[in-house]
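# Summary of the model geometry
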Amino acid sequence: MSKYEIKTLVNHDDKTALEKKHVPHIIAPDKVKKGELFEVTVQMGNEIDHPMEEGHFIQYVELYAEYFQLARVDFTPEVKAEATLQIKLEESCTLRAFESCNLHGQWEASKEITVE
Ligand SMILES: [Fe+2]
């Protein structure tokens, strides 16, 4: 794997321990109304909570609509690595979450959102 490659879930049916801890879990509706706020929760990780301790923690999570940045939440080891945000979208898009672990690098997850 290239140093600059963003890591993500490789096989949905056979997640590795690292993937379970690091791939963001995006909870959001499949369909939303144009321009209306809806709730998005991003959990780190997927099935297993990532440790949050000095020396090993999730530094931040960023939320994008395609490649347009919507939000960024920074964490310290004192905080559960989870964020709930109210967002609105103007058109259907891929919602992307990028998270960074200080030891294990950057990970991505995405979810298609249909805007009606
Ligand atoms: Fe980690």
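If you check an unreviewed UniProt entry, the protein appears there as Class II SORL domain-containing protein from Halonatronomonas betaini. As recorded by UniProt, the Sequence similarities (unreviewed entry) comment attached to the protein reads in full: "Belongs to the desulfoferrodoxin family."

Cross-referencing UniProt, the feature "domain: Desulfoferrodoxin ferrous iron-binding" (unreviewed entry) maps to residues 16-109 in the present numbering. In this annotation, residues 16-109 is assigned 6% helix and 49% strand; the end-to-end C-alpha distance for the span is 15 Å.

Let us now look at the pattern of salt bridges. For the structure shown, the criterion picks out eleven salt bridges. Linking K34 and E90 is a salt bridge whose minimum nitrogen-to-oxygen distance equals 3.5 Å. Separated by 56 residues along the polypeptide, K34 in the loop between β2 (31-32) and β3 (38-43) and E90 in the loop between β6 (82-87) and β7 (93-101) bring together distant segments of the chain. Of the residues examined, E90 reaches a relative accessible area of 46% and is grouped as partly exposed. Note that R72 is salt-bridged to D74, the shortest N-O span being 3.0 Å. Under the relative-accessibility criterion, R72 is labelled partly exposed at 41%.

A few words now on the nonpolar core. By size, the foremost hydrophobic cluster in this structure holds 27 residues, and its most contacted members are V40, L89 and L95. Counting residues per element, the ones that place at least two in this core are β3, β4 (58-65), β6, β7 and β8 (105-115). Setting aside anything within four residues of it in sequence, one finds L89 in contact with K33, K34, G35, F38, A65, L70, I113 and V115.

Here we come to the packing of aromatic side chains. For the structure shown, the criterion picks out one aromatic pair. With 5.4 Å between their ring centres and 85° between their planes, Y64 and F98 make a pair best called edge-to-face. Of this pair, Y64 sits in strand β4 while F98 is found in strand β7, placing the two residues 34 residues apart along the sequence. For R72, the ring lying beneath its charged end belongs to Y60, and the centroid distance is 3.9 Å. Across the ring face of Y67, the terminal group of R96 is positioned such that the distance to the ring centre comes to 4.3 Å.

Either a parallel or an antiparallel arrangement is found when strands of a sheet pair, and the pairing is made through backbone hydrogen bonds. One open sheet accounts for five strands, arranged β2-β8-β7-β4-β5; its pairing is mixed. Of all the strands in the sheet, the pair left with one neighbour each is β2 and β5 (68-74).

Direction of pairing for strand β1 (residues 25-27) relative to β3: antiparallel, over a ladder of three bridges. Each residue of the ladder has a partner; that of H25, found in β3, is Q43. Pairing geometry for β3 and β6, over six bridges, is antiparallel. Each bridged residue has a counterpart across the sheet, and for Q43 the counterpart in β6 is E82.

On to the side chain of H22. Inspection of the secondary structure puts H22 in helix α1 (residues 17-22). The contacts of H22, once residues within four sequence positions are left out, are G45, H50, H56, E99, C101, H104 and W107.

Rules and cut-offs
- Residues numbered from 1 in each chain as written.
- Predicted model: local features only at pLDDT ≥ 70, side-chain atom pairs only at ≥ 80, totals over all residues.
- Heavy atoms only, no water.
- UniProt positions renumbered as here; feature names shortened; annotations may be inferred.
- Helix = DSSP H or I, 4+ residues; strand = E, 2+ residues; numbered from the N terminus.
- Salt bridge = Lys/Arg side-chain N within 4 Å of Asp/Glu carboxyl O.
- Buried < 20%, exposed > 50% of the residue type's maximum accessible area, 1.4 Å probe, protein only.
- Core = buried A, V, L, I, M, F, W, Y, C linked by side-chain atoms within 4.5 Å.
- Contact = heavy atoms within 4.5 Å.
- Phe/Tyr/Trp six-rings, centres within 6.5 Å; stacked < 30°, edge-to-face > 60°.
- Lys NZ or Arg CZ within 6 Å of the ring centre and 35° of its normal.
- Pairing = 2+ DSSP bridges.

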